[in-house]
Amino acid sequence: MDGYREVLHKSGLQVRKGNMTSSTVPATSMVLPLALLLGSAAGSTERMNFTVWSQPVRLRYGEVYNKLQSPEKLPTHVVARYSDGKKMMALTGFDVDMVRAGADGTELRVQLNDHYLHHYALQFGEAESMRKMLDTASADVSFARMLSGCHAMTRVGVNSFLDRLHFEEPHRIGRVSMFGSAAGAEYRKNPQRFNSPFRALLRRPQVWAPLLHIINTKAPVEAGAEHSAAWSPLIECPCTPQRKINVSAGTIDGRAADPPIHCSPEFAATGNPSCHLATYQGGWRCCEDKMFLIDTAKECANPDCSEKPVDEVHMKFTFFYEDAQPGARQMEGAACCDVTSVTQGDENIEYDVPVCLQGTAPEECRHIAESVQPLAFFDGHPKSPLSSYRDSDLVDLVFAAPHLHLAGISIELIDHLTNKTICEVHRTANNSGGIAYGHGATPGNEDGYLVGLTPCHWGGAEAPRFRRDHPMRTRAVYNASLGHTGVMSLWLMQVSAAADPDFLV
C-alpha cells in the first residue's frame, strides 16, 4: 500500500488515519444524487477514448507478479473535462492488451507463452475516494490484504469499501469503480462493452490503478523440453518444492493462505483437493507476488534465480466513454457466480480438475461442477453487511462475462427457478461457440491456449429483471483427460438497480 501513499501525496492529498463510520440510509438516497446530477447537466453525445499503460512489470522466467500498482493520474484532458463536477463520465467499455517495447522503440504485442495474464482488476475514480480507501486500509490490515494480490479477485474489499462510503457519504455516487477481477488469458477476445443505457458512471475521475497477476512463461529451450503440451504448465500455478506448506498451522511459507482456502460445504463434499490445504497441489495461493513456479533448486544457480535475465512488459488499457446522458443507469458488480460458492460473492474461486479414471471413454472424460447463488448483493450477509438493499429489490442483468481456464469446454448461466439458460458458451472446432482456443503463433491465437470468451450483454429493453435474491445456477464442464490445478468457473457480471424510479433520469 506504500505506492498508494506516495502517489496520493504527490497529488496533493494527505493520508489520514481513521475509520469510516456507518449509518442507516435508505436505498433511494444512493441513487437520487445521480439523478439530480445527470438531469441538470447532460453533456455532449460524442464518443471518446483514451489509452493508458501500466507501470512496468519486470520478471524472470517462472516468476510471478501479483500486486496492486500505485495509482496513476488519468490523461489531463480527461480529468479537466469532468473536474467541475457538472457532468459525469460514462464508461461504455474498454480493451486490454499486453505489450513490450521493441529494439527500435515500437510497441510489440506479447504472447501468452511469453508472459501469461492470469487475471487483472482495475480501480478507477476520484483521487479523494482512493485516498479514503487507503485510509481504511491503513487502519485495517485485513482490509489492506483484500485490495492486493489474489485476495482482490474476490472483490470483497472494494465492495465493502463502497458500501461504507455510501453509508457515510451517500452523495458520493460514482467516485470509484472496479472492473475485470478474474478476467485473464481471454483478454484479447473478451469484448468489454456495455449497452445503453447501462454505464459505469464516474464523477470527477482522476486516477486509476491496476491489479495485475502475470507469469513469465518464456521458457529457455532446454527448460521446456520436458513438457510436451503446447501450453506452459506454469499457468496452473504449481506448488513447487520451495513452498513450505504447514497443514497444522494452516500456512504457506509461514503465512496463512490468503484468501483463506474455503469452499462451500456442498463443493467441499465432492472431495476436491483444492478445498483443503492438506491436499492443495497448485493454484493462486502458490502464485503470489515474487514466487517462482519452477523448481529453483534445479533450474536456477541462485535461490532467487538472479542469474536469469529480467524481461519487461506493460499492460495497455483503452477506455471508451461519453458524457453521461439523461437516462443513463449505473452498474454494480453482481454477487454471482462462482461454482465453489452457494452464497453472496465468491468463495474458493479455484478448484482442481482430477484426471479421469483410466479406460474412460474420451467423450465421457469430463469434470462437471454446479452451484446456485443469489444474483446480487443485499443486506444481512457478511460480505455486504452495510448494504441498504433488500433481498426483494429488483435489478436488471446487463453484462455477463464467462471465465474459464485451459481445458474448459462449456459454462452456462441458468435461471434456477425456470431452468432457462440466460447465457452460455461452449467449445467448437472452429471457435464459433463463444470459447476460442488458439491454433497459431500470433498474439491472441497462441496454439493450445484458451484465448477468448464471449460475454453476453443486454440493453434497456432486453435486460432480464430479477429480485436481488433470485437464484442463479452455474454449470461448468472441463476436459479431464489431463489433471489441472487452480481452474476457475465464474460469471463476472454487472447488474443495475431497477426498483427505484429516481435512478432513471
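Residues numbered from 1 in each chain as written. Predicted model: local features only at pLDDT ≥ 70, side-chain atom pairs only at ≥ 80, totals over all residues. Heavy atoms only, no water.

A look at the side chain of T318
As for its placement among the helices and strands, T318 is situated in strand 15 (residues 311-323). Relative accessible area serves as the criterion here: at 14%, T318 is assigned to the buried category. At a separation of 2.8 Å, a polar atom in the side chain of T318 contacts the side chain of T51. (Helix = DSSP H or I, 4+ residues; strand = E, 2+ residues; numbered from the N terminus. Buried < 20%, exposed > 50% of the residue type's maximum accessible area, 1.4 Å probe, protein only. Polar contact = N/O pair within 3.5 Å; in protein donor to acceptor, adjacent residues only side chain to side chain.)

Side note on the pairing of strand 5 (residues 89-101)
Counting buried positions along strand 5 yields 11 of 13 residues, so the element is predominantly enclosed. Inspection of the sheet shows strand 5 paired to strand 10 (residues 198-202) by three bridges, in the antiparallel sense. The residue bridging A90 from the neighbouring strand is L201, located in strand 10. The pairing of strand 5 with strand 15 spans 10 bridges and is antiparallel. (Pairing = 2+ DSSP bridges.)

So, the pattern of salt bridges
Taken as a whole and judged by the stated rule, the model has 21 salt bridges. Note that R188 is salt-bridged to D97, the shortest N-O span being 2.7 Å. You can see R188 sitting in the loop between strand 8 (176-179) and strand 9 (192-193) and its partner D97 sitting in strand 5, a full 91 residues away along the chain. The class of R188 is buried, set by a relative accessible area of 17%. Judged by relative accessible area, D97 falls into the buried class, the value being 12%. Each of D97, R109, R188 and E446 takes part in a single network of salt bridges with overlapping partners. (Salt bridge = Lys/Arg side-chain N within 4 Å of Asp/Glu carboxyl O.)

A few points about the nonpolar core
Generally speaking, soluble globular proteins have nonpolar side chains that are buried together. Within the largest apolar cluster, 108 residues are counted, with the highest numbers of intra-cluster contacts made by Y120, F124, F317, L413 and M493. Each residue touching F317, except ones within four places of it in the same chain, is listed here: F50, T51, V52, D95, V96, Y120, L122, W208, P210 and L212. (Core = buried A, V, L, I, M, F, W, Y, C linked by side-chain atoms within 4.5 Å. Contact = heavy atoms within 4.5 Å.)

Points about the packing of aromatic side chains
According to the stated counting rule, one finds 12 aromatic pairs in the structure shown. When the centroid spacing of 5.6 Å and the interplanar angle of 65° are considered together, the rings of F50 and Y321 count as edge-to-face. Residue F50 is located in strand 1 (residues 48-53), and its partner Y321 is located in strand 15; the two are separated by 271 residues in the primary sequence. You can call Y321 buried: its relative accessible area is 2%. Aromatic side chains Y120 and F317 sit 5.9 Å apart centroid to centroid with 55° between the ring planes, which places their arrangement in the tilted category. Of this pair, Y120 sits in strand 7 (residues 115-125) while F317 sits in strand 15, placing them 197 residues apart in sequence. The residues Y120 and F317 share a single accessibility class, namely buried. Linked through ring pairs, F50, Y82, F94, F124, F319 and Y321 together constitute an aromatic cluster. Between the NZ or CZ atom of R468 and the centre of the ring of Y389, over which it lies, the distance is 3.6 Å. (Phe/Tyr/Trp six-rings, centres within 6.5 Å; stacked < 30°, edge-to-face > 60°. Lys NZ or Arg CZ within 6 Å of the ring centre and 35° of its normal.)

Things to note about the sheet that holds strand 14 (residues 255-256)
Pairing is antiparallel across the open sheet formed by three strands, whose spatial order is 12-13-14. If you trace the sheet from one side to the other, it starts and ends with strand 12 (245-246) and strand 14, each paired once. In this sheet, strand 13 (residues 251-252) lies alongside strand 12 in antiparallel orientation, the contact comprising two bridges. If you follow I245 over to strand 13, its bridge partner there is I252.

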